[in-house]
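For reference, the chains in residue letters:
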Amino acid sequence: MSLQMVSSISNSSLIQPGFSLLNFDGHVFFFGQKGWPKRSCPTGVFLLDIKQNELKMKPAIFSKDSCYLPPLRYPAICTLRGNAESDKYQYIIHGGKTPNNDLSDKIYIMSLISKNSKKATFRCIEKDLAGDVPEARYGHTINVVHSRGKSVSVIFGGRSYIPLGQRTTEKWNSVVDCLPSVFLLDFEFGCATSYILPELQDGLSFHVSVARNDTIYILGGHSLQNNIRAPSLYKLKVDLPLGSPAVTCTVLPGGISVSSAVVTQIGDTEFVLVGGYQSDNQKRLVCNTIVLEDNKIEIVERESPHWTPDIKHCRMWFGCDMGKGSVLLGIPGDNKQMISDANYFYILRCRGAEEDEEEEPTAQTCSQTSAEDPGDSTPFEDSEEFCFSAEANSFDVDDTDTYNEDDEEDESETGYWITCSASCNVDINTWVPFYSTELNKPAMILCSSGDGHWVHAQCMDLSETMLLRLSEANVKYFCNEHVHLNKGLQTPKKVGQLKKQPMKPLRKKKAMKLTPVKKSFLRRLFE
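Residues numbered from 1 in each chain as written. Predicted model: local features only at pLDDT ≥ 70, side-chain atom pairs only at ≥ 80, totals over all residues. Heavy atoms only, no water.

Asker: Sorry if this is basic, but what is going on with the overall build of the protein chain here?
Answerer: Each helix and strand in the protein chain was counted, giving three helices and 37 strands. Counting across all 527 residues of the protein chain, residues that qualify as buried make up 51%. Within the protein chain, counting contacts between residues at least 6 apart in sequence, those at least 24 apart form 60% of the total. As displayed, the protein chain offers around 27100 Å² of accessible surface, 50% of which is attributable to carbon and sulfur atoms. (Helix = DSSP H or I, 4+ residues; strand = E, 2+ residues; numbered from the N terminus. Buried < 20%, exposed > 50% of the residue type's maximum accessible area, 1.4 Å probe, protein only. Contact = heavy atoms within 4.5 Å. Areas by Shrake-Rupley, 256 points an atom, 1.4 Å probe, with all protein chains shown as cover.)

Asker: What am I meant to see in the sheet that holds strand 12 (residues 130-131) here?
Answerer: Strands pair in a sheet through their backbones, by hydrogen bonds, and they do so in one of two ways: parallel or antiparallel. Judged by pairing direction, the sheet is mixed, and its five strands sit side by side in the order 12-18-17-14-13 without closing on themselves. Lying at the two open borders of the sheet, with one neighbouring strand each, are strand 12 and strand 13 (141-147). Inspection of the sheet shows strand 17 (residues 181-186) paired to strand 18 (residues 191-196) by six bridges, in the antiparallel sense. Each bridged residue has a counterpart across the sheet, and for F183 the counterpart in strand 18 is S194. (Pairing = 2+ DSSP bridges.)

Asker: Would you take a moment to explain a negative patch on the surface for this structure?
Answerer: Where like charges cluster on the molecular surface, the negative patch consists of E270, E293, D294 and E298. By the element assignment, E293 lies in strand 27 (residues 287-293). Look at E293 and you get partly exposed, because its relative accessible area is 41%. (Patch = residues over 30% accessible without salt bridge, like charges linked within 9 Å, V, L, I, M, F, W, Y side chains within 5 Å. Salt bridge = Lys/Arg side-chain N within 4 Å of Asp/Glu carboxyl O. Lys, Arg positive; Asp, Glu negative; His and termini not counted. Charge placed at Lys NZ, Arg CZ, Asp CG, Glu CD.)

Asker: Help me understand the UniProt feature "binding site: Zn(2+)" (unreviewed entry) in the protein chain in this model?
Answerer: UniProt's feature table lists "binding site: Zn(2+)" (unreviewed entry) at C420, C424, C447, H453, H456, C459, C479 and H482, given in the numbering used throughout. Summarising the element assignment, C420 is placed in the loop between strand 33 (386-388) and strand 34 (444-447). Among all residues touching C420, those that are not within four sequence positions of it are W454, V455, H456 and C459. Within the fold, C424 resides in the loop between strand 33 and strand 34. Contact partners of C424, with chain neighbours within four places excluded, come to I418, T419, H456 and C459. (UniProt positions renumbered as here; feature names shortened; annotations may be inferred.)

Asker: Just to check I follow, could you spell out the sheet that holds strand 10 (residues 107-115) for this structure?
Answerer: The strand order 7-11-10-9-8 describes an open sheet built from five strands, whose pairing is mixed. Two strands lie at the open edges of the sheet, namely strand 7 (61-62) and strand 8 (76-81), each paired on one side alone.

Asker: What is the right way to read the packing of aromatic side chains from this model?
Answerer: Each aromatic ring pair is specified by the distance between its two centres and by the angle formed by the two planes. This structure, assessed with the given rule, holds 14 aromatic pairs. Ring centres 6.1 Å apart and planes at 50° place the aromatic pair Y74 and Y138 in the tilted group. With Y74 in the loop between strand 7 and strand 8 and Y138 in the loop between strand 12 and strand 13, the pair connects residues that are 64 residues apart, well separated along the chain. Of the two residues examined, Y74 and Y138, each falls in the buried class. Relative to Y91, the ring of Y89 lies with its centre 5.9 Å away and its plane at 80°, an arrangement referred to as edge-to-face. Positioned over the ring face of Y138 is K97, at 4.6 Å from the centre of the ring. (Phe/Tyr/Trp six-rings, centres within 6.5 Å; stacked < 30°, edge-to-face > 60°. Lys NZ or Arg CZ within 6 Å of the ring centre and 35° of its normal.)

Asker: How do you make sense of the nonpolar core when you look at a structure like this?
Answerer: The tendency in soluble globular proteins is for nonpolar side chains to be buried side by side. Counting residues in each nonpolar core, the largest one holds 36 residues, and the members touching the most others are F19, L21, F30, L48, M57, W307 and L328. Contributing elements (two or more residues each) for this core: strand 4 (27-31), strand 5 (45-51), strand 6 (54-59), strand 24 (270-274), strand 29 (318-323), strand 30 (326-332) and strand 31 (343-349). When residues no more than four places from it in sequence are discounted, the contact partners of L48 are L21, V28, F29, F30, L55, K56, M57 and L328. Core analysis: the second largest hydrophobic core is formed by 24 residues, V426, L467, Y477 and C479 among them. (Core = buried A, V, L, I, M, F, W, Y, C linked by side-chain atoms within 4.5 Å.)

Asker: Explanation requested: unusual backbone geometry in the structure shown.
Answerer: A negative phi angle characterises most non-glycine residues, just as the trans form characterises most peptide bonds. Unusually for a residue other than glycine, N101 sits at a positive phi of about 70°. Among the structural elements, N101 can be located in the loop between strand 9 (89-94) and strand 10. Overall, the relative accessible area of 27% leaves N101 in the partly exposed class. A positive phi is found at N227, a non-glycine position, where the angle reads about 55°.

Asker: Explain the pattern of salt bridges here, please?
Answerer: Side chains that differ in sign of charge can pair as their charged atoms come close. One pass over the structure, following the stated rule, counts seven salt bridges. Between R148 and D239 there is a salt bridge, with the nearest N and O atoms lying 2.7 Å from each other. Taken together, the residues R148 in the loop between strand 13 and strand 14 (150-156) and D239 in strand 21 (residues 233-239) connect sequence positions 91 residues apart. The class for D239 is partly exposed, based on a relative accessible area of 27%.

Asker: For this particular structure, what's the right way to read the state of the cysteines?
Answerer: The term disulfide refers to a covalent linkage connecting the sulfur atoms of a pair of cysteines. Counted under the stated rule, the structure contains zero disulfides. C350 takes part in no disulfide bond, and the closest cysteine sulfur, belonging to C287, lies 6.8 Å away. With relative accessibility at 3%, the residue C350 sits in the buried group. (Disulfide = S-S within 2.5 Å.)

Asker: Quick question: what am I supposed to make of the pairing of strand 19 (residues 208-212) here?
Answerer: For a regular strand, side chains alternate in direction, first toward one face of the sheet and then toward the other. Counted residue by residue, strand 19 has four buried out of five residues, so it is predominantly covered. Direction of pairing for strand 19 relative to strand 20 (residues 215-219): antiparallel, over a ladder of five bridges. If you follow V208 over to strand 20, its bridge partner there is L219. Linking strand 19 back to strand 20 in an antiparallel pair, the connection comprises two residues, with N213 at a positive phi of about 60°.

Asker: Teacher, can you tell me more about the side chain of R351 here?
Answerer: If you trace the backbone, R351 turns up in the loop between strand 31 and strand 32 (363-368). Reaching out from R351, the side chain makes a polar contact with the backbone oxygen of I266 at a distance of 3.4 Å. (Polar contact = N/O pair within 3.5 Å; in protein donor to acceptor, adjacent residues only side chain to side chain.)

Asker: Please explain the pairing of strand 22 (residues 246-251) as it appears in this structure.
Answerer: Of the pairings in the sheet, the one linking strand 21 to strand 22 comprises six bridges and is antiparallel in character. Paired with D239 across the bridge in strand 22 is A246. In this structure, the hairpin formed by strand 21 and strand 22 is closed by a connection of six residues.

Asker: Whenever I open this one, the environment of M57 confuses me. Can you help?
Answerer: Locating M57 in the fold gives a position in strand 6. For M57, a relative accessible area of 0% corresponds to the buried category. M57 sits 11 residues away from F46 along the chain, and the two C-alpha atoms are 5.6 Å apart.

Printed below as a string of structure tokens:
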């Protein structure tokens, strides 16, 4: 194992605890930046370009038919292949935190549709499920299992906010362990089913999960309710017959007391466990090898890298699997740095140079790594970032324009690039200002139908005069799709201009005619 410090990194302040790495065709992409995306990279997805020990972040774009994907931190992520023979795969993204500290319960499928020397284009779609849909959460894991020629996704663990009815001002953002239910998600039929197993008594967060065929191994984790990191090891087996699925759980010996660890795959059946915490105030500097063979798991200690003094003495650390046996690790920068939230980064390579040949991964790893933001929680609280295994053939890519966050101001608002209606034609990649009041995002107006939803003013054919009137008036507005509700102010129909009738000219007064008698009288009067 070798540890190398990244000497230079552009925009390092975007990489904070909670980020994720996606590996497509050997190229590693960063997802889950701190704060809302900026104008130069509104997608919040960057290519990580590593050359000569220097890491640069280059923006990626989404296709026009993509849904909006917020910069989620601490989500659950895993790969999804079309079939066993296919080389193409997608990523499943579930849950996580938005920059507003809200929790997401949505499920996204993300795929790479094109890449050239300048840009990488992704497509992201949102999946709707029926049945026992998992609640919004973070710090959980997701894996894909295969049985009898079929496959399902499995979600377990995590944390969520306390129920809305139990919130108080002092404990508004307090979190609790999610119930220890196992969720099976079938994307083919669009349904979700939950299972309660007697072997799983306590909720877990920031645990490690490794999947192979029809079996998932869950290792370690932290329980908020008991505030312990039990050396637990569970074996979940999923059977997918023609009827209802069957899920069984077995408690195995030989677990490890660890949370927030990173797992990276170095062989067909071999993995390396790195980092994490073994107690509230102590990092875990020991590394382990995990071997999956013949429906069993073996965990042994292995030689650790030569950790630097900065890593040994830092208060917290975080990281993510880069694929191909490499891990990106970060530690907080010292107080002398000009950028307060900047971090130092290292690349840990767990494979030798002779082992860096192409290998098709047949298993998945999921782990929770890093630590929570220092401003959001106490030090050494469990990591809130999700990691996974993926291939990484090379990190050398063609030169492209590098994103520079110093060029722009931060934007703390989002949701402008949604598909507001069936006729919506606002595209994040091609949009230009339409109204004089617009600068870098489209004008929107709230439709008062139901719980309310936002629509683009341009898609509603609103004139600039009407848009200004609606923004100043205290009235309800209903979009074109809800005008049948007949409540409040609606988008006015276009009517022809009324013809103005010309005004009649004033009649001139006629001069008074004088008779001979009147003339004689007036002459005498003035003599």
